[in-house]
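Structural characterization, general
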Amino acid sequence: MMTTVYISSTLMWSRSLEEIFDWTYKSGLDGIELWAQHFFCRNYSREEFCKLSALYPLRSCLHSASWDLNLASLNEGIREQSVKEVKRSIDLAADLGIREVTVHPGRKTIGADLADYAGLLRKSLRDILEHGERRQVDVSLEIMEKIPREFVTTMETMEQVCGEMFPRFCFTLDVAHCDSEGEALDTLREHGSRISKIHISNRRGNMYHTPLNQGDYDMGRLIPKLAEYGMPLVIEGLDPGEDFSAAKENVAYLKTII
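Counting restarts for each chain: residues are numbered from 1 in the order of the written sequence. With pLDDT at 70 or above as the cut-off, local features in this predicted model cover only qualifying residues; side-chain atom pairs require 80 or more to be listed or tallied, and sums for whole chains, interfaces and linings still use all residues. Side-chain figures throughout are based on the complete set of non-hydrogen atoms in the structure, without hydrogens or water.

Under the annotation held in an unreviewed UniProt entry, the chain carries the name Sugar phosphate isomerase/epimerase and is attributed to Candidatus Lachnoclostridium stercoripullorum.

**Side note on the overall build of the chain**
Starting at the N terminus, helices and strands are each numbered in turn, a helix being any DSSP run of H or I of at least four residues and a strand any DSSP run of E of at least two. Helix and strand content of the chain: 9 helices and 10 strands. The C-alpha atoms of the chain give 18 Å as radius of gyration, which agrees with the globular expectation for 258 residues (18 Å, within 12%). Here the C-alpha coordinates of the chain stretch approximately 50 × 40 × 30 Å along the principal axes. Note on exposure labels: buried denotes an accessible area under 20% of the residue type's maximum, exposed denotes more than 50%, and partly exposed covers the range between, all computed with a 1.4 Å probe on protein chains only. The buried share among the 258 residues of the chain stands at 55%. When checking whether two residues touch, look at their non-hydrogen atoms; a contact exists if any pair is within 4.5 Å. Across the chain, contacts joining residues at least 24 apart in sequence account for 77% of those joining residues at least 6 apart. Surface exposure of the chain reaches about 11200 Å², of which carbon and sulfur atoms provide 48%. As a reference, a globule follows 2.2 Å times the number of residues to the power 0.38, and the radius of gyration itself is taken over C-alpha atoms. Accessibility throughout is a Shrake-Rupley quantity obtained with a 1.4 Å probe, and a residue counts as covered only by protein chains that appear here.

**Focus: the pairing of strand 4 (residues 100-103)**
Alternating residues of strand 4 divide into Glu 100 and Thr 102 and Val 101 and Val 103, and every residue in both groups is buried. DSSP bridges decide pairing: two strands pair if at least two such bridges lie between them. The sheet contact formed by strand 3 (residues 59-63) and strand 4 spans 2 bridges and is parallel. Of the residues in strand 4, the one forming a bridge with Leu 62 is Val 101. Whether a crossover is right-handed comes down to one check: with the strands pointing away from the viewer, does the path from the first strand over the helix to the second run clockwise; if it does, it is right-handed. Regarding the hand of the β-α-β motif, the stretch spanning strand 3, helix 4 (residues 76-96) and strand 4 is right-handed. Sheet topology places strand 4 next to strand 5 (residues 138-142); 4 bridges connect them, and they run parallel. The partner of Val 101 across the bridge, within strand 5, is Val 139.

**Concerning the pairing of strand 7 (residues 195-200)**
Regular strands have side chains that alternate between both faces of the sheet. Counting buried residues along strand 7, 6 of its 6 residues qualify, which places the element largely inside the surrounding structure. With 4 bridges joining them, strand 6 (residues 170-174) and strand 7 adopt parallel strand pairing. Residue pairing for strand 7: Leu 173 is matched across the bridge by Ile 198.

**What to know about the pattern of salt bridges**
Salt bridge criterion: a side-chain nitrogen from Lys or Arg within 4 Å of a carboxyl oxygen from Asp or Glu. Taken as a whole and assessed by the stated rule, the structure comprises 14 salt bridges. Two residues, Lys 87 and Asp 127, come together in a salt bridge whose shortest N-O distance is 3.4 Å. Of this pair, Lys 87 sits in helix 4 while Asp 127 sits in helix 5 (residues 114-134); the two residues are 40 residues apart in sequence, bridging distant segments of the chain. With its nearest N and O atoms 3.3 Å apart, the salt bridge here joins Arg 203 to Asp 179. Placement of the pair is Arg 203 in strand 8 (residues 202-204) and Asp 179 in the loop between strand 6 and helix 7 (181-191), with a sequence separation of 24 residues. Taken together, the salt bridges that share partners define one network made up of Arg 46, Asp 91, Asp 95 and Arg 135.

**Here's the deal with the packing of aromatic side chains**
Any Phe, Tyr or Trp ring, taking Trp's six-membered ring, that has another such ring centre within 6.5 Å forms a pair; planes under 30 degrees apart are called stacked, those over 60 apart edge-to-face, and the others tilted. Applying the stated criterion to the full structure yields 11 aromatic pairs. Both rings, one in Phe 21 and one in Tyr 56, keep their centres 5.9 Å apart while their planes meet at 40 degrees; by these two values the pair is tilted. With Phe 21 in helix 1 (residues 17-26) and Tyr 56 in the loop between helix 3 (46-55) and strand 3, this residue pair connects regions lying 35 residues apart in the sequence. The same class applies to Phe 21 as to Tyr 56, namely buried. Site record: aromatic cluster; members linked through ring pairs are Phe 21, Tyr 25, Phe 49 and Tyr 56. The rule for a charge over a ring is simple: NZ of Lys or CZ of Arg within 6 Å of the ring centre, and within 35 degrees of the ring normal. Directly above the aromatic system of Phe 244 lies the positively charged group of Arg 15, at a separation of 4.8 Å from the ring centroid. Here the basic side chain of Arg 194 rests over the ring of Phe 166, its NZ or CZ set 5.3 Å away from the ring centre.

**Describing the environment of Tyr 56**
Here Tyr 56 falls in the buried class, since its relative accessible area comes to 11%. Discounting chain neighbours no more than four positions away, the residues touching Tyr 56 are Phe 21, Asp 22 and Tyr 25. Among the polar contacts made by the side chain of Tyr 56, one reaches the side chain of Asp 22 at a distance of 2.9 Å. Polar contact criterion, stated in full: a pair of N or O atoms within 3.5 Å, where within protein one must be able to donate a hydrogen and the other to accept it, and residues adjacent in sequence count only if both atoms are side-chain atoms.

**Notes on the side chain of His 199**
Take His 199: it is sitting in strand 7. Judged by its relative accessible area of 0%, His 199 falls in the buried class. Side-chain polar atoms of His 199 contact the side chain of Glu 236, separated by 3.2 Å.

**Regarding the nonpolar core**
Residues belong to one nonpolar core when they are buried, are Ala, Val, Leu, Ile, Met, Phe, Trp, Tyr or Cys, and are joined through side-chain atoms within 4.5 Å. If you look at the biggest cluster of nonpolar residues, it comprises 76 residues, and the most contacted ones within it are Ile 7, Phe 39, Leu 125, Leu 141, Phe 169, Ile 200 and Leu 226. Filtering out sequence-adjacent residues up to four positions away, Phe 169 remains in contact with Leu 125, Leu 129, Val 139, Leu 141, Cys 162 and Arg 194.

**Here we look at the sheet that holds strand 7**
In spatial order, the strands read 1-2-3-4-5-6-7-10; together these 8 strands close into a barrel with parallel pairing. When the angles between neighbouring strand axes are averaged without regard to direction, this sheet yields 30 degrees. In this fold helix 7 packs onto strand 6 and strand 7, with an angle of close to 170 degrees to the strand it touches most, strand 7. In this analysis an axis means a line fitted to C-alpha atoms, helices contributing only their contacting stretch, and an angle means the value between N-to-C directions, from 0 to 180 degrees.

Structure, rendered in structure tokens:
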């Protein structure tokens, strides 16, 4: 079975750009999901990234800054800064020649009327979408996990929030955000034409983004079914260590499946 597999740069948090590119290529993967916050925190060089992109035959997508941000915040200052950070991520993608950015939709601040948050989020998303179109970067909205304060947790809610903008976005399915393997597959069957990529990691109860072979889901059965849809699979996680141990474990396991 042939499929395209990317790995999140956050699984190699402490490493240089060159080490990330080199390890990804030597591991036989197809690309890197670069996290904007990782790039900014580590002060990576745009020039070096472009040089490495030309040197290594790897594809790239970008995950927008999302930590500490809320595109639907009741606090206007936080909401406006969140939009600025996402637009900054889009600018980074454009500078690096990357044509898709994944964006987390906003969440509730408190348990107020959902319509209020939907309206605030729609305004933020319009600003972000128009900026992406100006920079010729596609915006892929991620379906979030079902935890308190998150409300954009299904494609149906995503369509309601986006309104008439819905056809201008693409969407990212995160398997760990689904409450069952069946939910992930149902979402693909019903909305596969709108989904641009699939984030893959496992989960253990309410602990999200565990290694592929450590969690509640039978990834040996699920991943081949996901791969049938022909979308890029992106291995996600966070590892601040120096030895790539989580990345190595994930890739070794994945190679036993596909």
